[in-house]
Amino acid sequence: MSWSTVSAQDLAPQRWKNGGGWTRELLAWPRPDQWLLRISVADIEADGPFSAFPGVDRWFGVLQGGGVELLGRALRCGDGLLAFDGALAPDCRLLDGMTRDFNLMHRRGHGRVEVVPADGALLPEGVQWLGLFTAWDGVLSHGGRSMNLAPMSLRVCNGWACSPPGTGS
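Everything numeric in this text was worked out from a predicted model, so none of it was measured. (Residues numbered from 1 in each chain as written. Predicted model: local features only at pLDDT ≥ 70, side-chain atom pairs only at ≥ 80, totals over all residues. Heavy atoms only, no water.)

Caption draft 1: Summary view of unusual backbone geometry. For the bond running from Trp29 to Pro30, omega is 0°, close enough to zero to count as cis. Positionally, Pro30 belongs in the loop between strand 3 (21–29) and strand 4 (37–44). Positive phi values are uncommon outside glycine, yet Met152 reaches one of about 60°. In this fold, Met152 is placed in the loop between strand 14 (145–149) and strand 15 (153–158). (Helix = DSSP H or I, 4+ residues; strand = E, 2+ residues; numbered from the N terminus.)

This is the structure:
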């Protein structure tokens, strides 16, 4: 099984172009300069607009902090992810100080992305890539083995050598 892990704690933060925060890029696939799928953890320090990404679907969620107002909704830690069109470049307002946030972006027309909570058994079928992001400590049980998951980390399995038990891998 080919699982790999990257933790936000192990990555140097990169300053945003607009100066309103920092990002830690957990995944930019297939290449950082021409990604089709990008997953990051961001620290928002100031109110301001999101960057525009035409042709991109985005998912956003607050991981830590007092929350944000985005697209007319108040989002707080523990709320579900907000999905929206990346071309919108909405204004973001902090509700009570800086936040740490989850961000997933996918270029439309390049495969299919499904984002689901992994708070129970997950038995995906017919997928070629699986990513599991953990906001808090967790355990991934698979194929009779258990792997500890650190907070703010992404565990990825590529090529679906990570298929569910009983499916031939």
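Caption draft 2: Focus on the environment of Cys92. With respect to the secondary-structure elements, Cys92 resides in strand 10 (residues 91–94). For Cys92 and Ala46, which are 46 residues apart along the polypeptide, the C-alpha to C-alpha distance reads 8.6 Å. Excluding residues within four positions of it along the chain, Cys92 makes contact with Ile44, Asp47, Gly48, Phe50, Val68, Glu69 and Leu70. (Contact = heavy atoms within 4.5 Å.)

Caption draft 3: Structural view of the sheet that holds strand 9 (residues 82–85). Within the open sheet, the 6 strands sit side by side as 2-3-4-11-6-9. Their pairing is antiparallel. Each of the sheet's edge strands pairs with one partner strand only, and the pair in question is strand 2 (14–15) and strand 9. Here strand 6 (residues 56–65) runs beside strand 9; their pairing, made up of 4 bridges, is antiparallel. Bridge assignment links Arg58 to a residue of strand 9, and that residue is Phe84. (Pairing = 2+ DSSP bridges.)

Caption draft 4: Representation of empty space enclosed by the protein. Applying the stated criterion to the full structure yields 1 cavity of 30 Å³ or more. Estimated volume of the largest cavity: approximately 40 Å³. For the largest cavity, the full set of lining residues is Trp16, Asn18, Gly20, Ile44, Ala46, Asp47, Gly48, Pro49, Phe50 and Cys92. (1 Å grid on protein atoms, 1.4 Å probe; cavity = no way out; pocket = protein on both sides within 12 Å on 5 of 7 lines; lining within 4 Å. Points joined across faces, edges and corners; volume = space filled by probe spheres on them.)

Caption draft 5: Representation of the nonpolar core within the structure. Membership of the largest hydrophobic core comes to 15 residues, with the highest contact counts inside it found for Leu26, Ile39, Val41, Leu63, Phe133 and Leu154. Among the secondary structure elements, those contributing two or more residues to this core are strand 3, strand 4, strand 6, strand 11 (99–107) and strand 15. For Leu154, the residues in contact, after removing those within four places along its chain, are Ser4, Thr5, Val6, Leu26, Leu27, Ile39, Gly131, Leu132 and Phe133. Judged by nonpolar contacts, the second largest core, of 11 residues, contains Ile44, Phe60, Cys92 and Leu94. (Core = buried A, V, L, I, M, F, W, Y, C linked by side-chain atoms within 4.5 Å. Buried < 20%, exposed > 50% of the residue type's maximum accessible area, 1.4 Å probe, protein only.)

Caption draft 6: Spatial organisation of the pattern of salt bridges. In the structure shown here, the tally under the stated rule is 9 salt bridges. The residue Glu69 makes a salt bridge to Arg93 at a minimum N-O spacing of 2.9 Å. Of the two residues, Glu69 sits in strand 7 (residues 68–70) while Arg93 sits in strand 10, which places them 24 residues apart along the sequence. Three or more residues are tied together by salt bridges with common partners; here these are Arg24, Asp43 and Arg100. (Salt bridge = Lys/Arg side-chain N within 4 Å of Asp/Glu carboxyl O.)

Caption draft 7: Structural detail: the sheet that holds strand 5 (residues 48–49). Sheet architecture is open: 4 strands sit in the order 5-10-7-8, paired in antiparallel fashion. The open sheet has two free edges, formed respectively by strand 5 and strand 8 (73–75), since each of these has just one partner strand. In terms of strand pairing, strand 7 meets strand 10 through 3 bridges, oriented antiparallel. Within strand 10, the position partnered with Leu70 by the bridge is Cys92.

Caption draft 8: Layout of the layout of surface pockets. Taken as a whole, the second largest pocket encloses approximately 500 Å³ of empty space. Trp16, Thr23, Arg38, Ser51 and Phe53 are, among the 20 residues lining the second largest pocket, the residues nearest its centre. The set of elements that each furnish at least two residues to the lining of the second largest pocket consists of strand 2, strand 4, strand 6 and strand 11. If one sorts the elements of the lining of the second largest pocket by residue count, strand 4 sits on top with 4 residues. For the lining of the second largest pocket, a count of residues per class yields 9 nonpolar, 6 polar and 5 charged. (Nonpolar A, V, L, I, M, F, W, Y, C, P; charged D, E, K, R; others polar.)

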